Amino acid sequence: MQAMRQLNSRTVVLPVNDVDTDQIIPARFLTTTTREGLGQHLFHDWRYRDDGSDNPEFVLNSPEARGCEILVAGRNFGCGSSREHAPWALLDYGIKAVISTEIADIFRSNSLKNGLLPILVQPDVHARLLQNPGDTICVDLTTTTLTLADGSAVTFPIDAFARYCLMEGTDQLGFLQNHLGDIVRFEEQRPWTP
Amino acid sequence: MGTGSPTTLFEKVWSDHVVAAETPDTPAILYVDLHLIHEVTTPQAFTVLRERGSRVRRPDLTLGTLDHSTPTTPVASFRDLAVAGDSAARQVQKMQENCHEFGIELFGFGSEHRGIVHVIGPELGATQPGKTIVCGDSHTSTHGAFGALAFGIGTTEVGHVLATQCLLQRRPKTLSVEISGRLAKGVTAKDAILATIGQIGIGGGTGHVIEYRGAAITAMSMDERMTVCNMSIEAGARAGMVAPDDTTFTYLEGRPRAPKASAWEASIERWRSLKSDSGAVFDRSITVDGNRLSPMVTFGTNPGMVVAVDAAVPDGDGGPGFRKALDYMQLQPGQRLSDVGVDVVFIGSCTNSRLSDLQQAANMLRGRKIANGVTMLVVPGSQQVKKEAEALGLDQIFRSSGAQWRESGCSMCLGMNGDTVPRGKLSVSTSNRNFEGRQGIGARTVLASPLTAAASAIAGKIADPRRYL
Ligand code: SF4
């Protein structure tokens, strides 16, 4: 996982509510046994036409979307299946942060473990972002602030531990493994065993 | 427990598993009692384990099955069955290798215990009250029907549990969902949970663990409680729980992995304390009037877009999302659902593929034929369910009505194994997700109970099951 501190990018806006992980990466692409290469299938059934050519009406196919690292999406992004292939596909495509008013629990947790930053904003900020696709905005994880194109800044909530791991580019398994002594003690002392 | 102030069922199970308490800077370390794994969400986790030279810390608390990408076509022996595509076959093979290498019990082809991960855990009696249960699968919420704290995790977290038997978790909030009253004839657990999701909204449970309570829940069988808890994630809640009671204990007694003899008595004693104390405070509470529920069906592209089967497609909020969903479904506001033609009927999935689900559908189909032009698949949730259903002759009822009787698996719930709904066709399905393309590219899914699905197969249109009872 790459360390992340600041992100400066134009936004690409997908103004759809309740985007589920089946849309982000359809189930038929889940037979892979690696994490790599899923970006080509990101939003597959919205992004491509039946003959495999790009669907010109889908926002990721517009020339302006090229190179954008921040996705602004409608409310309740990432609902449904727990597939971690969803953040893998977004990251492989080049998206590094997702902004919405609501982000589903498992998707959010999976994203944080892979270096994809889920950012929750208030409805007024969300509305401004939705209305101004392509704005260059700045995400600063060190101060947990989001600076909009007009220079106004808001802070966003993020779990302290997840933030630390993102900033250091470190994964969380090491932290758990450092507590092995506690885990063994728990197993020995619990009143019943599974 | 024992702090004096009243606590919820969730809090009791949670606090019983905290290895290290959460702080502002770090999440809690939560111990996992049962880790269920399947072929789709685990290969990358085993890769990480290998890279780090780690072993699986508690293979004895880990159980594997093959369900998502396995074929359901009937064959004489499951041993010589090839799976749908090359990559699916490779994935199944990887699962077999991984379980073998790391010493994990796998219910593979040829095992009489193979089946959908959320069907076999309870069926084996491995799912028990008070346990923490996780799986790289969002419908792990199903196991909460037994008073377990059970939730879906991602593949990175699967790796955490394999390596340490623990997870890093922030404590979620609690949501009480009381389903009061009695469900009328023809109204099932599936209808109750669909109506509940319609009421909460598909993001309404985000950040919460649901506890289902009330007379309608208490009256339900374990199969029915599992149907309810299964779809908690469809309201955004990672877990749903029901306090264990005599219905739970009767279900579990004598199952292969349930405690035996004196351990059984001791377990029941402990399990009886697993309920929310009177006066326990939930972060939020809602009530659903079970007396007033009808059979429910979805009309849009998420499980919250739901109406009574005898109603019309609503006008909605008129927003772009609502219109997009209706366009996809090829439905119009005001259109009566009973006028909508059906091409495919699917009875199966971890929501509704247990013996009682199949019995309900079979009772309705007995002596009747499915309509011309309708393809109907009945896919039992496990090989065990299949065996029990066949012993009751249900397979014969389904076959003579014109339906196909298959081997167990996830099948048309997510269409990974080649069982898909053709483009543009309308499917009435007992599964849990009607997302665009879920059952196949361009497939139009209407979620319903096994009764409504069977009635719709007979009518060739979306049908009110009460007409055929
Ligand atoms: S039946 Fe469907 S929802 Fe259930 S585990 Fe399988 S794919 Fe997931």
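Please read all numbers here as calculations on a predicted model, not as lab measurements.

Regarding the confidence of the model for chain B
Chain-level pLDDT for chain B is 95 on average; 97% of the residues reach the 70-or-more range. For this predicted complex, the interface confidence comes out at an ipTM of 0.96, alongside a pTM of 0.97.

Topic: helix H2 (residues 43-52) of chain B
Of the residues making up H2(B), those classed as buried are B:Pro43, B:Gln44, B:Ala45, B:Phe46 and B:Leu49. Next to the buried residues of H2(B) lie helix H3 (85-93) of chain A together with strand S3 (34-38), helix H3 (86-102) and helix H5 (155-164) of chain B. Within two residues after H2(B), B:Gly53 carries a phi angle of roughly 65°, on the positive side.

Structural notes on the interface of chain A and chain B
Size of an interface, as often reported, equals the accessible area lost when the parts are brought together. Taken residue by residue, the interface counts 52 residues in chain A and 61 residues in chain B. The interface formed by chain A and chain B includes eight salt bridges. The salt bridge involving B:Arg57 is made with A:Glu187; its shortest N-O contact spans 2.6 Å. Elements with a minimum of two residues in the side of chain A that touches chain B: helix H1 (21-24), helix H2 (44-47), H3, helix H4 (105-112), helix H6 (160-168), helix H7 (173-177) and helix H8 (180-189) of chain A. At six residues, H8(A) tops the list of elements feeding residues into the side of chain A that touches chain B.

With respect to the pattern of salt bridges
Residues and elements named next belong to chain B. Enumeration according to the criterion identifies 35 salt bridges over all chains in this entry. Of the charged contacts in the structure, one is a salt bridge between glutamate 22 and arginine 170, with a shortest N-O distance of 3.0 Å. A residue pair is termed long-range when its members are at least 10 positions apart, and glutamate 22 in the loop between strand S1 (18-20) and strand S2 (28-31) and arginine 170 in the loop between strand S8 (166-169) and strand S9 (173-180) qualify at 148 residues. By relative accessible area, which is 31% here, glutamate 22 ends up partly exposed. Note that glutamate 157 and arginine 238 form a salt bridge whose closest N and O atoms lie 3.8 Å from each other.

Details of the sheet that holds S1(B)
Taken in spatial order, the three strands of this open sheet run S1-S2-S8 (chain B), and their pairing is antiparallel. Here the strands that pair on one side only, and so sit at the sheet edges, are S1 and S8 of chain B. For this sheet, the mean inter-axis angle between neighbouring strands, taken without regard to orientation, is 40°. Both S1(B) and S2(B) contribute to a ladder of two bridges, which runs antiparallel. Bridge pairing in S2(B) links B:Val18 to B:Leu30. H8(A) rests against S1, S2 and S8 of chain B of the sheet, and its axis sits at about 145° to S1(B).

Overview of the site of the ligand
Residue and element names in this part refer to chain B. Around the ligand, a shell composed of His68, Ile116, His118, Asp137, His139, Ser349, Cys350, Cys410, Cys413, Leu414, Asn432 and Arg438 is seen. More than half of the atoms of the ligand fall within 2 Å of the grid points belonging to the largest cavity. Class assignment of the residues belonging to the shell around the ligand gives a composition of five nonpolar, five polar and two charged. Taken together, domain 1 (9-169) and domain 3 (296-467) each give at least three residues to the shell around the ligand, which thus spans both.

Let's talk about empty space enclosed by the protein
All names here are of chain B. Considering all chains together, one arrives at five cavities of 30 Å³ or more under this definition. Quantified by volume, the largest cavity comes out at close to 240 Å³. Lining the largest cavity are 23 residues, with His68, Asp137, His139, Leu414 and Arg438 positioned closest to its centre. Residue classes in the lining of the largest cavity are distributed as eight nonpolar, 11 polar and four charged. When residues are assigned to domains, the lining of the largest cavity turns out to be shared by domain 1 (9-169) and domain 3 (296-467), each giving three or more.

Looking at the packing of aromatic side chains
Across all of its chains, the model carries 13 aromatic pairs over all chains by this definition. Their ring planes at 55° and their centres at 5.6 Å tell us that A:Phe43 and A:Phe58 sit as a pair that is tilted. Residue A:Phe43 is found in the loop between H1 and H2, and its partner A:Phe58 is found in the loop between H2 and strand S2 (70-73); the two are separated by 15 residues along the sequence. Accessibility expressed as a relative area gives 1% for A:Phe43, which makes it buried. Ring pairing ties together the aromatic residues A:Phe43, A:Trp46 and A:Phe58, which thus form one cluster. The ring of A:Trp192 carries the charged tip of A:Arg190 above its face, separated from the ring centre by 4.5 Å. The ring of B:Tyr251 is capped by B:Arg255, whose NZ or CZ atom sits 3.9 Å from the centre of that ring.

Focus on the sheet that holds S3(B)
Residue and element names in this part refer to chain B. Taken together, the five strands give an open sheet; going across it, the order is S5-S4-S3-S6-S7, and neighbouring strands pair in parallel fashion. The open sheet has two free edges, formed respectively by strand S5 (105-107) and strand S7 (149-152), since each of these has just one partner strand. Across the sheet, the mean angle separating the axes of adjacent strands is 20° when strand polarity is ignored. Sheet topology places strand S4 (residues 62-65) next to S5; three bridges connect them, and they run parallel. Pairing of leucine 63 across the sheet is with glutamate 105, part of S5.

Quick word on the packing of H3(A) against H4(A)
Packed helix pairs are characterised by how far apart their axes lie and by the angle those axes make with each other. Residue and element names in this part refer to chain A. It is at 8 Å that the axes of H3 and H4 come closest, and there the two elements cross at 50°. As judged from the angle between their axes, H3 and H4 are oblique. The element H3 and its partner H4 pack so that their crossing is right-handed. Residues Ala86, Pro87 and Leu90 of H3 pack against Phe107, Asn110 and Ser111 of H4. Class assignment of the residues belonging to the contact of H3 with H4 gives a composition of four nonpolar, two polar and no charged.

Some remarks on the packing of helix H12 (residues 355-365) of chain B against helix H15 (residues 450-459) of chain B
Residues and elements named next belong to chain B. Where H12 contacts H15, the axes come no closer than 8 Å and their chain directions differ by 30°. In terms of orientation, H12 lies roughly parallel with respect to H15. In this structure, H12 meets H15 at a crossing whose hand is right-handed. Contacts between H12 and H15 involve Asp357, Gln360, Ala361, Met364 and Leu365 from the former and Pro450, Leu451, Ala454, Ala455 and Ile458 from the latter.

What counts and how
- Residues numbered from 1 in each chain as written.
- Chains lettered and ligands numbered in written order.
- Predicted model: local features only at pLDDT ≥ 70, side-chain atom pairs only at ≥ 80, totals over all residues.
- Heavy atoms only, no water.
- pLDDT = per-residue confidence, 0-100.
- Buried < 20%, exposed > 50% of the residue type's maximum accessible area, 1.4 Å probe, protein only.
- Helix = DSSP H or I, 4+ residues; strand = E, 2+ residues; numbered from the N terminus.
- Contact = heavy atoms within 4.5 Å.
- Salt bridge = Lys/Arg side-chain N within 4 Å of Asp/Glu carboxyl O.
- Pairing = 2+ DSSP bridges.
- Axes fitted to C-alpha atoms, helices over the stretch in contact; angles between N-to-C directions.
- Near = heavy atom within 4 Å.
- 1 Å grid on protein atoms, 1.4 Å probe; cavity = no way out; pocket = protein on both sides within 12 Å on 5 of 7 lines; lining within 4 Å.
- Sits in = over half its atoms within 2 Å of the grid points.
- Nonpolar A, V, L, I, M, F, W, Y, C, P; charged D, E, K, R; others polar.
- Domains from an automatic or database assignment.
- Points joined across faces, edges and corners; volume = space filled by probe spheres on them.
- Phe/Tyr/Trp six-rings, centres within 6.5 Å; stacked < 30°, edge-to-face > 60°.
- Lys NZ or Arg CZ within 6 Å of the ring centre and 35° of its normal.
- Parallel < 35°, antiparallel > 145°, perpendicular 65-115°, else oblique.
- Left-handed = near helix turned anticlockwise from the far one by under 90°.

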